[in-house]
Amino acid sequence: MKKITLLLIVILVGISNIFGQIGRTYSDGHGGRIFFPFGDISFADEVVEFTKGQPAPIKGYGDPNLSLKVPDYSGNYETIAEATSLGFGGVLIVKFTDNILYDINGPDLFIFEIGPAIEPVDVYISKDGIKWISVGRTGGGISQIDISKYVKKTDVFRYVKIIDIKAKKDGRWPGADIDAIGAIGSSINFQLNSAVLFKSGESTLGEDKSALYKIGEKVKEIGGLTIIEGYTDNIGSSESNLLLSEKRAQSIKIFFSDSCQIDTTLLKTNAYGETNPIADNNTENGREKNRRVEIIVFPQTNQSNDNVVGKWSTTRGNLYIYKYGKIIAGWYESDGGEILGKLIDEHTIEGKWIENGARETCSENTYDRNHWGSLIIKFNEDFSKITMKWGYCTKEPTNGNWDGTRK
Ligand SMILES: [Ca+2]
Ligand SMILES: [Ca+2]
Ligand SMILES: [Ca+2]
């Protein structure tokens, strides 16, 4: 019982992380920033396999975990290892767990490779970590990959493999140096242990439905198509396991439509039975992990108007604005500053600016930085001009001289 309670807590913490940081831009390490609609969860979560190249990475720089989660390269690569040095011809396989890669319009995958020149890698994606699809090569200043030519629109991919193409043998860091691997085209993945939802061998939902209610609320908020996938361990016949996983997925579908009022046409179920295990079926611990339901939520495609989105020429250089729902993210070229905010009405954004070059620092931290302040952006009637007011830290945004026109 202890284990189950612990798992439930982990899931709920996971949910709050997922929804606390939706929509953010991240430094690409080469002077620009990239927008990820789902923020911090968009990045690869687990190392599956790492085969160092030869010559191998130098001591301290060959840790594959340095390529996981959000990009954190600070520019001090000489003294701190912040990326995985692949070595000459090295191979790295990573997995997404709280998000899943799929094809959206435009680029879908971004490889954060650090250093003055982008060292090319060949990129492959996979649903199961066994069958791989080649999706091209980064390099020549391009770190992003559009998977649309190679996949179907609704296919989802949990694994990414990158292989150093042996372009650079010399120097301290042979091969590509990978800071992070992000899915711009991300769906959200909730993984629920079956023991939290069902009694052993049954497909009727148990008494405590609180975790499922919470997820149902979030599905309504962001969905989009939602796929409910059932999985079991390998005890019993594969036919009975397939049937059990199907019935369990169906139970959740019914719960979402009846108790959470989610449009049933947006809910699909997939039964996998004992296939696609995520852990070793030879141990009790592994079997428990394999008995699970995964809920994949795709973002809504029919977004409200995108009037505020775009590139703006301002008195402080170019400003880029992105949007997911009412959430705003952006950046400005001077100081590589970041913007986070909300659309409070059609013509107004309220939020924060965050940068390294501010004259005053704040006592409290925002996104690990002490240089930040308040910000209001107002758009004129036809969204051709912006007027911006800003302040330091928590002070009212009263400073001006930061206006712009659409580019
Ligand atoms: Ca992730
Ligand atoms: Ca795409
Ligand atoms: Ca890193």
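Treat the numbers as computed from the prediction; the structure is a model and nothing was measured.

### Some details on the overall build of the protein
Part 1 of the argument: Helix and strand counts for the protein stand at five helices and 24 strands.
Part 2 of the argument: Relative to the compact-globule value of 22 Å for 407 residues, the protein shows a C-alpha radius of gyration of 23 Å, a close match.
Part 3 of the argument: By principal-axis analysis of the C-alpha atoms, the protein measures approximately 70 × 55 × 40 Å.
Part 4 of the argument: Counting only residues that meet the buried cut, the protein has 49% of its 407 residues in that class.

### Here we look at the coordination of the calcium ion (ligand 2)
Part 1 of the argument: Around the calcium ion (ligand 2), the protein supplies Asp 103 (OD), Ile 104 (O), Gly 106 (O), Asp 108 (OD), Asp 108 (OD) and Asp 146 (OD) as donor atoms, at distances of 2.3 to 2.5 Å.
Part 2 of the argument: Every donor counted, the six donor atoms about the calcium ion (ligand 2) form angles of 52 to 166 degrees at the centre, which fits irregular coordination.
Part 3 of the argument: Read in sequence order, the donor residues for the calcium ion (ligand 2) give the motif D-I-x1-G-x1-D-x37-D. Placement of the pair is Ile 104 in the loop between strand S6 (99-101) and strand S7 (109-113) and Asp 146 in the loop between strand S10 (144-145) and strand S11 (159-164), with a sequence separation of 42 residues.

### A word on the domain arrangement of the protein
Part 1 of the argument: By the assigned domains, the protein splits into domain 1 (22-184), domain 2 (188-299) and domain 3 (310-406).
Part 2 of the argument: Between domain 2 and domain 3, the C-alpha centre-to-centre distance is 41 Å.

### Looking at the sheet that holds strand S12 (residues 177-183)
Part 1 of the argument: One open sheet accounts for four strands, arranged S4-S12-S7-S10; its pairing is antiparallel. In this open sheet, the two strands that pair with only one neighbour each are strand S4 (84-85) and S10.
Part 2 of the argument: With two bridges connecting them, S4 and S12 associate as antiparallel partners. Its bridge partner lying in S12, Thr 84 is registered against Ile 178.

### Focus on a negative patch on the surface
Part 1 of the argument: A cluster of acidic residues, Asp 345, Glu 346, Glu 381 and Asp 382, forms a negative patch on the protein surface.
Part 2 of the argument: Along the chain, the position of Asp 382 falls in the loop between strand S22 (372-379) and strand S23 (385-390).
Part 3 of the argument: Classification of Asp 382 as exposed rests on a relative accessible area of 53%.

### Some points on the packing of aromatic side chains
Part 1 of the argument: Evaluated as defined, the whole model comprises 23 aromatic pairs.
Part 2 of the argument: Between the aromatic rings of Tyr 26 and Phe 43, the centroid separation amounts to 4.9 Å while the plane-to-plane angle is 75 degrees, which identifies the pairing as edge-to-face. With Tyr 26 in strand S1 (residues 24-27) and Phe 43 in the loop between strand S2 (33-36) and strand S3 (46-51), this pair connects stretches of sequence that are 17 residues apart.
Part 3 of the argument: For Tyr 26, a relative accessible area of 4% puts it in the buried group.
Part 4 of the argument: We classify Phe 43 as buried; its relative accessible area is 0%.
Part 5 of the argument: Aromatic side chains Tyr 231 and Tyr 272 sit 5.0 Å apart centroid to centroid with 10 degrees between the ring planes, which places their arrangement in the stacked category. A residue pair is termed long-range when its members are at least 10 positions apart, and Tyr 231 in strand S14 (residues 223-231) and Tyr 272 in strand S15 (residues 267-273) qualify at 41 residues.
Part 6 of the argument: A network of ring pairs unites the aromatic residues Tyr 26, Phe 36, Phe 43, Phe 110 and Phe 112 as a single cluster.
Part 7 of the argument: Taking NZ or CZ as reference, Lys 161 lies 5.5 Å from the ring centre of Tyr 124, over its face.

### Here's the deal with the nonpolar core
Part 1 of the argument: Counting residues in hydrophobic clusters, the biggest one holds 28 residues, and the most contacted among them are Leu 197, Leu 212, Ile 228, Ile 252, Phe 256 and Ile 295.
Part 2 of the argument: Among the secondary structure elements, those contributing two or more residues to this core are strand S13 (186-193), helix H3 (210-222), helix H4 (238-259) and strand S16 (292-299).
Part 3 of the argument: Looking at this core element by element, the count peaks at five residues for H3.
Part 4 of the argument: Counting residues domain by domain, this core receives three or more from each of domain 1 (22-184) and domain 2 (188-299).
Part 5 of the argument: Residues within four places of Leu 212 in sequence aside, it is in contact with Leu 192, Leu 197, Leu 205, Ile 252, Phe 255, Phe 256 and Ile 295.
Part 6 of the argument: By size, the runner-up hydrophobic cluster in this structure holds 25 residues, among which are Tyr 332, Cys 362, Ile 377 and Phe 383.

Analysis parameters
In this convention, every chain numbers its residues from 1, walking through the sequence in written order. Starting at A for chains and at 1 for ligands, labels are handed out in the order in which the entities are written. Totals for whole chains, interfaces and linings use all residues, but because this is a predicted model, local features are given only for residues with pLDDT of at least 70 and pairs of side-chain atoms are given and counted only at 80 or more. As a convention, hydrogens and water are excluded, and side-chain values are obtained from all of the structure's heavy atoms. Each helix is a run of DSSP H or I of at least 4 residues and each strand a run of E of at least 2, with the numbering of both proceeding from the N terminus. Restricting the calculation to C-alpha atoms gives the radius of gyration, and the globule rule supplies 2.2 Å times the number of residues raised to the power 0.38. Burial classes: relative accessible area under 20% of the type maximum marks a residue as buried, over 50% as exposed, and values in between as partly exposed (1.4 Å probe, protein chains only). The rule for donors is simple: an N, O or S atom within 2.8 Å of the metal counts, and for Na, K and Ca the reach is 3.2 Å. Water is not among the atoms, so a site may look short of donors. Working rule for geometry: tetrahedral if four donors all subtend angles between 85 and 135 degrees; square planar for four, octahedral for six, if opposite donors exceed 155 degrees and the others stay between 65 and 115; irregular in every other situation. How far each domain reaches was decided by an automatic or database domain assignment. Strand pairing follows a simple DSSP-based rule, namely that at least 2 bridges must link the two strands. Note on patches: the residues involved have over 30% relative accessible area and no salt bridge, like charges join within 9 Å, and the nonpolar side chains Val, Leu, Ile, Met, Phe, Trp and Tyr join within 5 Å. Methods summary: accessible areas were calculated by the Shrake-Rupley approach with a probe of 1.4 Å, and residue burial reflects only the protein chains presented. Each salt bridge in this description consists of a side-chain nitrogen of Lys or Arg and a carboxyl oxygen of Asp or Glu lying within 4 Å of one another. Residues counted as positive are Lys and Arg, residues counted as negative are Asp and Glu, and His and the chain ends are not counted. Every charge is mapped onto a representative atom, which is NZ of Lys, CZ of Arg, CG of Asp or CD of Glu. Centres within 6.5 Å are what make two rings of Phe, Tyr or Trp a pair, Trp counting through its six-membered ring; a difference in plane orientation under 30 degrees is then read as stacked, over 60 as edge-to-face, and the rest as tilted. Either the NZ atom of lysine or the CZ atom of arginine qualifies as a charge over a ring when it sits within 6 Å of the ring centre and within 35 degrees of the ring normal. Definition of nonpolar core: a set of buried residues of the types Ala, Val, Leu, Ile, Met, Phe, Trp, Tyr and Cys, connected through side-chain atoms within 4.5 Å. We call two residues in contact when some of their heavy atoms are within 4.5 Å.

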